[in-house]
2 protein chains.
Amino acid sequence: MPPRRVIGIDAGGTKLLGGVVDESLAVHHRVHRLWRGADRSETIDIFVAAVEEIRAAAPDVDAVGFGIPALVDARGAVVWSNHLPIDGIPFAQVMSERLGLPVVIDNDSNAAIVAEHRHGAARGYDDALLLALGTGIGGGLVIGGRLYRGARGFAGELGHIPLDIHGEDCPGDCPGRGCFETLVSGRAIGVAAERAGREQPESTFGRLLAGHGEIRGGLVAELAHDGDGQARAVLAEVGARLGIGIAGLVNALDPGVVVIGGGAVGAGDLLLDPARAMLAERALPPGAQPPPVLPARFGGESGMLGAALLALDGAP
Amino acid sequence: MPPRRVIGIDAGGTKLLGGVVDESLAVHHRVHRLWRGADRSETIDIFVAAVEEIRAAAPDVDAVGFGIPALVDARGAVVWSNHLPIDGIPFAQVMSERLGLPVVIDNDSNAAIVAEHRHGAARGYDDALLLALGTGIGGGLVIGGRLYRGARGFAGELGHIPLDIHGEDCPGDCPGRGCFETLVSGRAIGVAAERAGREQPESTFGRLLAGHGEIRGGLVAELAHDGDGQARAVLAEVGARLGIGIAGLVNALDPGVVVIGGGAVGAGDLLLDPARAMLAERALPPGAQPPPVLPARFGGESGMLGAALLALDGAP
């Protein structure tokens, strides 16, 4: 019997990544899409077209797993998304009708921690948390060896813990202020770089800002890897804030490991070392070794792999 | 056979409460002690004297359960306490030697949520969190129907999540800044009242401040219950901050219920209603009914009862 194969789709706040995944976690036929401000119906069409493109290359797939940046209920309906215009859509039902395949849906960061817990950086830990740093911060929790969903299925929105009670409104339609993700995310790295650019118009970021008007987190990471001092300082600043947020989560939950995923993990230790230093300084008990802060083994693909694993769990 | 009886001791940051507790949760022979700045050896002596006083009245007890404001390890040693000078003491061993009785030790708020989950406000909820508002904020978590201890046994320090990244140093030797408990606790209520008194010297708190130099949280609650507008405004301000902190915990953990215990629960709905309103405004998903915020059924006695329950669990 050939290994079973499913499609895994990871939908972030900015883009979609999909592919065929088999039981050995090999990935084939990757596709990428950008939302580019798609409205409600266009967004659903992009999901469908991405799956159909993969399926054309791999017609033998058994099921599709979707990790989406949203709170989803037990029937696979979208209760709320801060990043995509899909609130209220019975997503699992719509997709299984449009695709004619079994569909599994979960929060994107829940999917990511499933992959990291079973096969990646959190393997062997009964208690783990994942922060996916992308457009915002997604979160996932493994507690007592299992994905933790909470009383209503909404647990793990770790990016929406307020870190700055006097902070600004959280973007999108999160009603919070000063949320963790406003201070630490791919977008927050860009915002910090733009502020540095405004303060020093003759600097790297000052010139970039004059030229393009926007600086993205990925570019900051690239410049930092190339040795740019200003870019490294920006990552150190955001990394320190990341460490403060992790310290609070460690105090509350005492995980055995903290896994950092999402696109911003491309910044690597230039972001994570300042976070580790701040965690060691701020976490309880003082002087003790805090839990390790590890990059996601599967980098930006944890969500896609985890969505596929959930589909393999559910597929006949 | 007569019902089994044990001694439950709840040690807070300011005082100790103890009593004999039987299997029906009836309490007899209560004792109270204040720490009044006791040093390391005096603190241990106070614990021993409190137990001996109770035991003189009830020589038939089977065991002693201690809930203490500290991180404790699996062998009952104190790893760290922000409130009492007992760091590093092998507490369970010292107490069982001094008392000649079986001893169980746990974090005070872990003990409190055990009582509230089995018999109180969190009964029937698989996922619950407790905030004990006293000198600081203690926290306890029930996840999947069980007390959650985390990877090292240190979970539940919910008072040490940073809510104000630009805030002041957390008192005691917590290395955090702007921790939840610096903004919301019995002490924080007193601090808010003193600030109100400085701003308005002719007000209730202004006159109290001129007379006594210190305003305690319990007095603010009393004045608020008597209808004092300034005291009610202080409770509303601290209650709103409480709601912001709860919103973050609800977003992260999606508990079925939030229980508020500790001495500050004496402020009742004057504190909890502003917290509920802020929680409804700030929690995810917007517009949904957040989990209920309930006062501890056992008020300031949850910790003592829970310590006793843990001792009954462990006693022969």
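Residues numbered from 1 in each chain as written. Chains lettered and ligands numbered in written order. Predicted model: local features only at pLDDT ≥ 70, side-chain atom pairs only at ≥ 80, totals over all residues.

### Some remarks on the overall build of chain A
(1) Moving on: When its secondary structure is counted, chain A shows 10 helices and 12 strands.
(2) Moving on: Taken over the C-alpha trace, chain A has a radius of gyration of 19 Å; the compact-globule value for 316 residues is 20 Å, and the two agree within 12%.
(3) Moving on: In terms of overall dimensions, chain A has C-alpha extents of about 55 × 45 × 35 Å along its principal axes.
(4) Moving on: The contacts in chain A between residues at least 6 apart in sequence include a share of 64% that link residues at least 24 apart. (Helix = DSSP H or I, 4+ residues; strand = E, 2+ residues; numbered from the N terminus. Rg over C-alpha atoms; globule rule 2.2 N^0.38 Å. Contact = placed C-beta atoms within 7 Å.)

### Concerning the interface of chain B and chain A
(1) Moving on: Taken together, the contact between chain B and chain A spans 42 residues of the former and 42 residues of the latter.
(2) Moving on: When contributions to the side of chain B that touches chain A are tallied by element, the ones reaching two or more residues are β6 (78-80), α8 (229-253) and α9 (269-282) of chain B.
(3) Moving on: Residue contributions to the side of chain B that touches chain A peak at seven residues, all from α8(B).
(4) Moving on: Within the side of chain B that touches chain A, the residues separate by chemical class into 25 nonpolar, eight polar and nine charged. (Nonpolar A, V, L, I, M, F, W, Y, C, P; charged D, E, K, R; others polar.)

### Some words on the environment of A:Glu301
Residue and element names in this part refer to chain A.
(1) Moving on: Among the secondary structure elements, Glu 301 is positioned in the loop between β12 (293-295) and α10 (302-314).
(2) Moving on: The buried category is assigned to Glu 301, around which 23 C-beta atoms lie within 10 Å.
(3) Moving on: Residues Glu 301 and Arg 55, 246 residues apart in the sequence, show an inter-C-alpha distance of 19 Å. (Buried ≥ 20, exposed ≤ 12 C-beta atoms within 10 Å, placed from the backbone.)

### Here's the deal with the sheet that holds strand β9 (residues 137-143) of chain B
All names here are of chain B.
(1) Moving on: Pairing is mixed in the open sheet, where five strands are placed in the order β10-β9-β8-β11-β12. The sheet is open, and its two borders are formed by β10 (146-147) and β12 (293-295), each paired with just one other strand.
(2) Moving on: As defined by bridge partners, β9 adjoins β10 across two bridges and the pair is classed as antiparallel. Residue pairing across strands places Val 142 opposite Leu 147, the latter belonging to β10. (Pairing = 2+ DSSP bridges.)

### Considerations on the domain arrangement of chain A
Residues and elements named next belong to chain A.
(1) Moving on: Taken domain by domain, chain A consists of domain 1 (5-112 + 301-314) and domain 2 (124-296).
(2) Moving on: One C-alpha centre belongs to domain 1, the other to domain 2, and the line joining them spans 25 Å.
(3) Moving on: Taken residue by residue, the interface counts 17 residues in domain 1 and 17 residues in domain 2.
(4) Moving on: When residues of the side of domain 1 that touches domain 2 are traced back to their parent elements, those giving at least two are β5 (71-72), α3 (108-119) and α10.
(5) Moving on: Top contributing element to the side of domain 1 that touches domain 2 by residue count: α3, with four residues.
(6) Moving on: Counted by class, the side of domain 1 that touches domain 2 contains five nonpolar, 10 polar and two charged residues. (Domains from an automatic or database assignment.)

### As for the environment of A:Gly178
Residue and element names in this part refer to chain A.
(1) Moving on: Residue position: Gly 178 is located in the loop between β10 (146-147) and α4 (180-183).
(2) Moving on: Using a count of 22 C-beta atoms within 10 Å as the deciding quantity, one classes Gly 178 as buried.
(3) Moving on: Expressed as a C-alpha distance, the spacing of Gly 178 and Leu 71, which sit 107 residues apart in the sequence, is 20 Å.

### Notes on the relation of the copies chain B and chain A
(1) Moving on: If you rotate chain B by 180° and push it 0.0 Å along the axis, it lands on chain A with an RMSD of 0.0 Å. As the rotation angle and translation indicate, the two copies are arranged about a two-fold axis.
(2) Moving on: Of the interface residues in chain B, 100% have counterparts in chain A that sit at the interface too, so the contact is made through matching surfaces. (Least-squares fit on C-alpha atoms with pLDDT ≥ 70 in both.)

### Examining the nonpolar core
(1) Moving on: Counting 224 residues, the largest nonpolar core has A:Ile9 and B:Ile9 as the members making the most contacts within it.
(2) Moving on: Aside from chain neighbours lying at most four places away, what touches A:Ile9 is A:Leu16, A:Gly18, A:Phe47, A:Ala50, A:Val51, A:Val64, A:Gly65, A:Phe66, A:Gly67, A:Met304 and A:Ala307. (Core = buried A, V, L, I, M, F, W, Y, C linked by C-beta atoms within 7 Å.)

### Examining the pairing of strand β8 (residues 128-133) of chain A
All names here are of chain A.
(1) Moving on: The element β8 is largely enclosed, with a buried count of six among its six residues.
(2) Moving on: Judged by which residues are buried, β8 turns out to be covered on both faces: Ala 128, Leu 130 and Ala 132 on one side and Leu 129, Leu 131 and Leu 133 on the other are all buried.
(3) Moving on: By the bridge criterion, six bridges tie β8 to strand β9 (residues 137-143) in an arrangement that is antiparallel. Of the residues in β9, the one forming a bridge with Ala 128 is Val 142.
(4) Moving on: Between β8 and β9, which pair antiparallel one after the other, the connecting turn spans three residues.

### As for the sheet that holds strand β1 (residues 5-11) of chain A
The pairing of strands in a sheet happens through backbone hydrogen bonds and is either parallel or antiparallel.
Residues and elements named next belong to chain A.
(1) Moving on: In spatial order, the strands read β3-β2-β1-β4-β7; together these five strands make up an open sheet with mixed pairing. Looking at strand neighbours, the two that pair on one side only are β3 (27-34) and β7 (103-107), the edges of this open sheet. Recorded for the sheet is a direction-independent mean angle of 15° between the axes of neighbouring strands.
(2) Moving on: Looking at chain direction, β1 and strand β2 (residues 15-22) are connected through seven bridges and run antiparallel. Pairing of Asp 10 across the sheet is with Leu 17, part of β2.
(3) Moving on: Docked against the sheet, helix α2 (residues 91-99) engages β4 (64-68) and β7, running at close to 145° with respect to β7. (Axes fitted to C-alpha atoms, helices over the stretch in contact; angles between N-to-C directions.)

### Considerations on helix α3 (residues 108-119) of chain B
Residue and element names in this part refer to chain B.
(1) Moving on: With 12 residues, α3 extends 17 Å between its outermost C-alpha atoms, agreeing within 8% with the 16 Å of an ideal straight helix rising 1.5 Å per residue.
(2) Moving on: Taking burial as the measure, the 12 residues of α3 include 10 buried ones, the bulk of the element.
(3) Moving on: Inspection of α3 places Asp 108, Ser 109, Asn 110, Ala 111, Ala 112, Ile 113, Val 114, Ala 115, Glu 116 and His 117 among the buried residues, and these make up the whole buried set. (Expected span 1.5 Å × (residues − 1).)

### Focus on the pairing of strand β11 (residues 257-261) of chain A
All names here are of chain A.
(1) Moving on: Among the five residues of β11, five are classified as buried, and the element is accordingly described as predominantly covered.
(2) Moving on: Burial along β11 is two-sided: Val 257, Val 259 and Gly 261 facing one way and Val 258 and Ile 260 facing the other are all buried.
(3) Moving on: Pairing between β8 and β11: five bridges, direction parallel. Bridge pairing links Leu 131 to Ile 260 in β11.
(4) Moving on: Taken together, the three bridges between β11 and β12 define a ladder with parallel strand orientation. When the sheet's bridge partners are listed, Ile 260 is paired in β12 with Pro 295.
(5) Moving on: With helix α9 (residues 269-282) bridging β11 and the parallel β12, this β-α-β connection has right-handed handedness. (Right-handed = clockwise from strand over helix to strand, strands pointing away.)

### Thoughts on the confidence of the model for chain A
Any region with low pLDDT has predicted coordinates that should not be read closely.
(1) Moving on: For chain A, mean pLDDT is 95; residues scoring 70 or higher make up 99% of the total.
(2) Moving on: Among the scores for the predicted complex, ipTM is 0.96 and pTM is 0.96. (pLDDT = per-residue confidence, 0-100.)

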